[in-house]
Every structure is written in structure tokens, then in C-alpha cells.
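Spelled out from the first residue to the last, the chains are:
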Amino acid sequence: MTEFWLSSAPGEKNCQQTWDKMNMATAQTNLSTNHKFNIPELKVGTLDVLVGLSDELAKLDSFVESVVRKVAQYMADVLEDSRDKVQENLLANGVDLVTYVTWFQWDMAKYPVKQSLKNISEIMSNQVSQIDSDLKARASAYNSLKGNLQSLERKNVGSLLTRSLADIIEKDNFVLDSEYLTTLLVVVPKTSYPDWQKTYETLSEMVVPRSTKLLFEDQDSGLFSVALFRKAIDDFKHKARENKFTVRDFQYNEEEMKADKEEMTRLSTDKKKQFGPLVRWLKVNFSEAFIALIHIKALRVFTESVLRYGLPVNFQAMLLQPNKKNVKKLRKGLQDRYKHLDSSATVIDASMDIPGLNLSQQEYYLYVYYKIDCNLLEFK
């Protein structure tokens, strides 16, 4: 499982004893794999500040996790056909997420412990808000470029009835610079080739005999040219339609065709130029946002542990990786182990389905508990 339970329990004679008892109750019965979660000595502040901070941190946790998921999902979108490489780019401090979480060390340089808890949370909030803002700007620019390129590319695919003809016809296919004559391009179903050859000269007056040429074929149809006098265009189009032949509206314009090709080349080049720097930015800022997220979880554990277990600060933070088959047993084991902490409380489990109750906001256990999920992608 890539899901972890970040938890804490009050220190007994010492924190090691708390750890040993919890470990014995879970790891030795194969309910979970456990790791100590090291939280440094932080400034406690007043009870009022802690209560207020607890609510703020819950909101910040939710916001930062949403940004982490957005960056991860956008990485998958940008890598497009290389989605198998997404996971190897989603690292924290250069290591995979599970390794980072299980070997967590507080980053003293980013989040100085001499600062107040509120200041530390504001540093994290400002940092991730900036990432969120930058992501919106970068994604908007790249998506616009990608969309314009896809729009041009779409013109060059599809059936002969709709696709651009610029890349499949040549100047020699047209009668140009004639006051009286012109060339039309006609899409003919493959099954109707014999009918076309028999009838095209008689669809209208003033069609040049033996002037048709097959210029291009796709799976279903062929593109034929035909020369005729300009004054016969409308009549020819009408008769062609009656015979299930489709005249494409196309004017040979070398300058326009050249401009379209140059625009596609420019957009393709720009996309390639932006791709590398964008992926690097996403890697760096995913790491930053994920690191901030785990530090916020640590702040929440510290704040909630002090509020629940009191002063002086004495608790053991633990990271449990549940065995997938034993999640319910693990939950019950922890409940039994810590029921003495609050005998009057009713445990509310988010996995229980109680109609009308929004459990995502009501989750409560006898011990401090927060979930960390390292699976951040939802492939469509």
C-alpha cells in the first residue's frame, strides 16, 4: 500500500516505551510496518494559539495536498505518451515518496524551528500558494501552445471531405493565371471511381475532356482534379452533388499554404523548447510542494498531540504502513490499545457509511491520526 497512517500516542515513562508497545501490538502481528516519525522540538505557544492553528492547519493541509495532486496530474498530462515515466519524475528531495516519508527529517533550513508554529505554517502557505499561482500561468501558456498546434495538426488528418488539402496537392495540379479556365478538386468514394470517369465530362458544359487526375487517396475516397471554364462552376457543383461527388472549396494560394506550414513548424519548435524546462519546473516544484505537505502533517501531529495529551510535550509520533488485508484489524487493535485515553468518546471511522453524515470532516480516533497517500495520480 502507498497509504500511511501518521499517528501519535502519549509518552509513557519514556517515548521509547510508547513505541515498543505500539510496535508489538501491530508490527509483530503483521498488521502494519512501522517507522518512527521524527518531529523536532517546536515552540508550543499558548493554548489559544494552538486551538486556532489546529483549524488553520487542517485547511492548509487540504489546500497543499490539492496543489501536490495538481502538479502530479499536470506532469502526467505534459508527458502524454510517456506516462510510464511519470512516477520516476515524482520525487521528493531526489528520492521516491515512500522513502521520503518513511525516513522523514525536518528541514531546518526551510522551516526554522526557532520560529513560532504560526510563522512556520505561513512560510509553507506562501510557498505553496506561489507554486499554485505559477502552475496556473505555466499550464495556461503551454496548453494554449499545445491546443493551437493540435488544431493545425487536426486539419491534416481525417477524411478527404474535411482535412486540409495543402500538404497533398502541388502547383502543377492547377490551371493558374487563366481568365477563363480553373481547376476544381472533387472527393469521389472509391466505389464510385468508374462512375466518375464515365460522367465527369458530362456533368456540365465546358468541362475540359480528359482533364481529370487522381491526386491522392485515403481509405475511403480519392481526390480528383478536373479543369473547366469558370462560368460552369456552379452548374458543375450542383450536378456533382446529385451524383454523390463532393467538390471541395479550395483556392490554390502559395503564400497562405507556406504561412500555415511555417506556423506549424514554429508551434512544434516552441512546444519542444518549452517541454524540457516545464518538466524540470514540475519536478522541482512537485518536490517542494510534497515536502511542504509532509511538514504540515508533522505540524498537525505536534499541535494535536499537545492539545490532546497536554504539557510538557511528551508523545511519540509514528508512521504506520497498514497491511492491505488487515486494515480493519489494525484500526481495532489501535482502538483497543488506546481506549484508556478517552473512554467517553465515540470513535467515528471515515470508512463507515452513515447516511447524511459527512465523515470526511468528522473523522475522530482516540489517538492522533492523519492519512498520507503517496498515490497521487488518477489516470483517466
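Residues numbered from 1 in each chain as written. Predicted model: local features only at pLDDT ≥ 70, side-chain atom pairs only at ≥ 80, totals over all residues. Heavy atoms only, no water.

(A) Broad picture of the nonpolar core. Counting residues in hydrophobic clusters, the biggest one holds 78 residues, and the most contacted among them are F37, I39, W106, L282, F286 and F290. Among the elements that take part in this core, helix α8 (residues 254–309) stands out by supplying 18 residues, more than any other. For W106, the contacting residues outside a window of four places in its chain are P40, L42, Y111, V113, I120, M124, H295, A298 and L299. (Core = buried A, V, L, I, M, F, W, Y, C linked by side-chain atoms within 4.5 Å. Buried < 20%, exposed > 50% of the residue type's maximum accessible area, 1.4 Å probe, protein only. Helix = DSSP H or I, 4+ residues; strand = E, 2+ residues; numbered from the N terminus. Contact = heavy atoms within 4.5 Å.)

(B) Fine view of the packing of helix α1 (residues 15–26) against helix α9 (residues 327–338). Two elements in contact, α1 and α9, have axes separated by 10 Å at closest approach and are oriented at 145°. For α1 against α9, the interelement crossing comes out right-handed. Across the interface between the two elements, K21, M22, A25 and T26 from α1 touch L330, L334, R337 and Y338 from α9. Residues of the contact of α1 with α9, tallied by class, amount to five nonpolar, one polar and two charged. (Axes fitted to C-alpha atoms, helices over the stretch in contact; angles between N-to-C directions. Left-handed = near helix turned anticlockwise from the far one by under 90°. Nonpolar A, V, L, I, M, F, W, Y, C, P; charged D, E, K, R; others polar.)

(C) Quick peek at the environment of F302. By the element assignment, F302 lies in helix α8. Considering only alpha carbons, one finds F302 and V313, 11 residues apart in sequence, at a separation of 8.8 Å. Those residues in contact with F302 that lie beyond four places of it in its chain are I39, P40, L42, V44, L117, V313 and F315.

(D) Structural context of unusual backbone geometry. Between L311 and the following residue, P312, the backbone shows a cis peptide bond with an omega angle of -5°. By the element assignment, P312 lies in the loop between α8 and β9 (315–322). The phi dihedral of N93 falls on the positive side, at around 55°, and the residue is not glycine. Tracing the sequence through the fold places N93 in the loop between β3 (91–92) and β4 (95–96). With a relative accessible area of 52%, N93 lands in the exposed category. Positioned with a positive phi, D177 is a non-glycine residue whose angle comes to about 60°. Relative to the assigned elements, D177 resides in the loop between α5 (117–155) and β5 (181–189).

(E) Inspection of the side chain of S211 at higher detail. Within the secondary structure, S211 is located in the loop between α6 (193–199) and β6 (213–217). Looking at S211, the relative accessible area reads 16%, which means it is buried. For S211, the contacting residues outside a window of four places in its chain are Y200, S225, V226 and A227.

(F) Up close: the side chain of S7. Mapped onto the fold, S7 is located in strand β1 (residues 3–10). Classification of S7 as buried rests on a relative accessible area of 4%. Those residues in contact with S7, other than ones at most four positions away along the chain, are V301, Q316, A317, M318, L320, Y367, V368 and Y369.

(G) View of the environment of S192. Assignment of secondary structure puts S192 in the loop between β5 and α6. The class of S192 is buried, set by a relative accessible area of 14%. Along the sequence, S192 and G222 sit 30 residues apart, while their C-alpha atoms lie 9.6 Å from each other.

(H) Inspection of the sheet that holds β9 at higher detail. One open sheet accounts for four strands, arranged β2-β9-β1-β10; its pairing is antiparallel. Both edges of this open sheet fall to β2 (32–36) and β10 (368–373), since each of them pairs with a single strand only. With strand direction ignored, the average angle separating the axes of adjacent strands in the sheet is 25°. Where β1 meets β9, six bridges bridge the pair, whose relative direction is antiparallel. Bridge pairing in β9 links W5 to L320. (Pairing = 2+ DSSP bridges.)

(I) Spotlight on the pattern of salt bridges. Enumeration according to the criterion identifies 21 salt bridges in this entry. Between E56 and K118 there is a salt bridge, with the nearest N and O atoms lying 3.0 Å from each other. Of this pair, E56 sits in helix α2 (residues 47–79) while K118 sits in helix α5; the two residues are 62 residues apart in sequence, bridging distant segments of the chain. You can call K118 partly exposed: its relative accessible area is 35%. Salt-bridge contacts for K110 lead to D107; the nearest nitrogen and oxygen are separated by 3.5 Å. Under the relative-accessibility criterion, D107 is labelled buried at 19%. Taken together, the shared-partner salt bridges in this structure form one network comprising D61, E65, R69, K297, R300 and D373. (Salt bridge = Lys/Arg side-chain N within 4 Å of Asp/Glu carboxyl O.)

(J) Broad picture of the sheet that holds β6. Taken together, four strands build an open sheet; the order of strands is β6-β7-β5-β8 and the sheet is antiparallel. Two strands bound the open sheet, and with one partner strand each, they are β6 and β8 (246–248). Taken pair by pair, the neighbouring strands of this sheet meet at an average axis angle of 35°, ignoring direction. In the sheet, β5 pairs with β8 via three bridges, with the strands oriented antiparallel. Paired with L185 across the bridge in β8 is R248. Relative to strand β7 (residues 221–229), helix α7 (residues 233–242) is tilted by about 150°, and along the sheet it contacts β5, β7 and β8.

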